[in-house]
Amino acid sequence: MNARRGLFFAALAVVSSSGCAPTDEAAENPAEHSNDWEKAYEAPVSDPICSGIVLPDRANFGHHVALTFDDGPNLETTPKVLEVLKKHNAHAAFLLNGMRITSDAHKKLLGEMHAAGHILGNHTQHHLNAVTLSTTKLKDEIESTDKILFDLGLAPKYFRFPFGSSNCDTAKLARTYGYAITGWHVDSADWCFAAGQGVCKKSTFKYVPDEFRSDMGGYVLSQVESTKGGVVLFHDIHGNTANHLDVILGALEERGYSFVGLDDVAVFPKLNGASAPPAVWIGSTCKADADCSFDKTGFCLRAAADAASGVCSIPCAGYCPDQSGFAATFCATIEGATPSGACAQKAATENDTCNKLAGTHAATVDRFVGESTAKPATADVCLP
Ligand SMILES: [Zn+2]
């Protein structure tokens, strides 16, 4: 609950302190929007399809971080952020408000960002709360920024709802434009640190632990460590964020994190439309052949005919199929078994040298070549 409330307050304060609320028609009274924020943050995690905050990919980021920056561009602070990203060879995503793209200088900046490999996405024209808008108005909010970016040759693919506020209707509408909706896993609370000139005051945001009140880097690191990576939310319109970014990225690198784009299919397969990896695959625990129906030849490979359980396999000669997200497979010779060639996962990092595959142990086996043209080989595989 704390984390959610934390996110809620963080997001709310962005409106008041970060320039998320511009000086024109979108100028907002944060108190007016607190209900919208709350609703957005309380959207059920089990239904990420409609949420503006929850990403479809929830875990297994493998110490990969996608840096995202909202509410720009800003001619003063965005270039500072870009400089830091360049130093760390990091490609980020910038979710833009069309109303901020007001001059040739802004357009030139976006061109440079695109050329440098950064992703430019749509954060709507005026940063209004989507769920309060008529369909016509929301279309206009999406299309205006969409058009600006398309006219610049930027073909945006990612969309982020202002305040993370979305429902099933608004999410569906955004997707009709071909957008992938991206929320975030980690809120840097950079708005709070910016509001206090580097100190996030308890009265502004109570969920930042006291030890991190003057340490945005430490706070971000602690949050990223809790998810082992994922999408991190910043705002490139804060000088304070730009000033601290170098230290933050350095600290993440020191802890073994590396930076990826939102478009990294291996880290964010669902966000990028890849089908989810199957729940059952070669190496999964099974009690019966029927448990291995991911393939029509799937069967339950056992250590002995009367063993209570085994691991899923498929018959093979020479080769076996691989599946992203799983260790590579190997066509193993199983002495005295029928069939004598059976696919098994290789002992590898993905399965923690077989430790993650219940009921298996690593064994060195020869390839079953059979009638194939595969060359003889040996490998360590996970067998029951
Ligand atoms: Zn925003």
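An account of the accompanying structure is given in this report. Remember, it's a predicted structure, so these values are computed and weren't measured experimentally.

This brings us to helix 3 (residues 77-87). Looking only at helix 3, the buried set comprises Thr77, Thr78, Val81, Leu82, Val84 and Leu85. For helix 3, the buried positions fall inside an angular range of 165 degrees around the axis, keeping them on one side. Pointing more than 90 degrees away from the buried face of helix 3 are the exposed residues Glu83, Lys86 and Lys87. Structurally, helix 3 contributes buried residues whose contacts are with strand 1 (64-72), strand 2 (93-96), helix 4 (104-115) and helix 9 (239-254). Directly beyond the C-terminal end of helix 3, a positive phi value near 55 degrees is found at asparagine 89.

A word on the coordination of the zinc ion. Protein-derived ligands of the zinc ion are Asp71 (OD), His123 (NE2) and His127 (NE2), with the metal-ligand distances lying across 2.1 to 2.2 Å. The sequence pattern describing where the donors of the zinc ion fall on their chain is D-x51-H-x3-H. In this pair, aspartate 71 sits in strand 1 while histidine 127 sits in the loop between strand 3 (119-122) and helix 5 (135-151), placing the two residues 56 residues apart along the sequence. Here aspartate 71 falls in the buried class, since its relative accessible area comes to 1%. Relative accessible area serves as the criterion here: at 1%, histidine 127 is assigned to the buried category.

This next bit is on the packing of aromatic side chains. Inspection of the entire model under this criterion finds 10 aromatic pairs. Pairing phenylalanine 69 with phenylalanine 234 gives two aromatic rings, centres 5.4 Å apart and planes at 20 degrees, and the pair type is stacked. Of this pair, phenylalanine 69 sits in strand 1 while phenylalanine 234 is found in strand 7 (residues 229-235), placing the two residues 165 residues apart along the sequence. The residues phenylalanine 69 and phenylalanine 234 share a single accessibility class, namely buried. Members of the aromatic cluster, connected to one another through ring pairs, are Phe69, Phe94 and Phe234.

For the rest of this paragraph, the subject is the state of the cysteines. Considering all chains together, one arrives at seven disulfides under this definition. The residue that forms a disulfide with cysteine 292 is cysteine 312, at a sulfur-sulfur distance of 2.0 Å. Judged by the torsion about the S-S bond (-85 degrees), the cysteine 292/cysteine 312 disulfide is left-handed. One end of the pair, cysteine 292, is in the loop between strand 9 (285-286) and strand 10 (299-301); the other, cysteine 312, is in strand 11 (residues 310-313), and 20 residues separate them in sequence. Of the two residues, cysteine 292 and cysteine 312, neither departs from the other in class, the shared state being buried.

So, about the sheet that holds strand 9. Across the sheet, three strands lie side by side as 9-11-10; this open sheet has antiparallel pairing. Each edge of the sheet is formed by a strand with only one pairing partner; in this case those strands are strand 9 and strand 10. With two bridges connecting them, strand 9 and strand 11 associate as antiparallel partners. Within the sheet, the bridge partner assigned to cysteine 286 lies in strand 11 and is glycine 310.

With that out of the way, let us pick up the side chain of aspartate 187. Relative to the helices and strands, aspartate 187 is located in strand 6 (residues 186-187). Buried and unpaired, aspartate 187 has no salt bridge, with arginine 160 as the nearest side chain of opposite charge at 9.2 Å. A distance of 2.9 Å separates the side chain of aspartate 187 from the backbone nitrogen of alanine 189, its partner in a polar contact.

This paragraph deals with the pairing of strand 11. By the bridge criterion, three bridges tie strand 10 to strand 11 in an arrangement that is antiparallel. By the bridge assignment, cysteine 300 is partnered in strand 11 with cysteine 312.

Moving on: the environment of threonine 132. Tracing the backbone through its elements, the reader meets threonine 132 in the loop between strand 3 and helix 5. As a C-alpha pair, threonine 132 and serine 166 span 34 residues in sequence and 9.4 Å in three-dimensional space. In this structure the side chain of threonine 132 is engaged in a polar contact, spanning 2.7 Å, whose partner is the backbone oxygen of asparagine 129.

With 41 residues, the main nonpolar core has Leu67, Phe69, Leu85 and Phe94 as its most contacted residues. At the level of secondary structure, the elements contributing two or more residues to this core comprise strand 1, helix 3, strand 2, helix 4, helix 7 (190-195), helix 8 (216-227), strand 7 and helix 9. Setting aside anything within four residues of it in sequence, one finds leucine 85 in contact with Leu67, Phe69, Ala90, Ala92, Phe94, His118, Leu245 and Leu249. Judged by nonpolar contacts, the second largest core, of 17 residues, contains Phe61, Ile119, Tyr158 and Val267.

What counts and how
- Residues numbered from 1 in each chain as written.
- Predicted model: local features only at pLDDT ≥ 70, side-chain atom pairs only at ≥ 80, totals over all residues.
- Heavy atoms only, no water.
- Buried < 20%, exposed > 50% of the residue type's maximum accessible area, 1.4 Å probe, protein only.
- Helix = DSSP H or I, 4+ residues; strand = E, 2+ residues; numbered from the N terminus.
- Arc of directions from axis to C-beta.
- Contact = heavy atoms within 4.5 Å.
- Donors = N, O, S within 2.8 Å, 3.2 Å for Na, K, Ca; no water.
- Phe/Tyr/Trp six-rings, centres within 6.5 Å; stacked < 30°, edge-to-face > 60°.
- Disulfide = S-S within 2.5 Å.
- Pairing = 2+ DSSP bridges.
- Lys, Arg positive; Asp, Glu negative; His and termini not counted.
- Salt bridge = Lys/Arg side-chain N within 4 Å of Asp/Glu carboxyl O.
- Polar contact = N/O pair within 3.5 Å; in protein donor to acceptor, adjacent residues only side chain to side chain.
- Core = buried A, V, L, I, M, F, W, Y, C linked by side-chain atoms within 4.5 Å.

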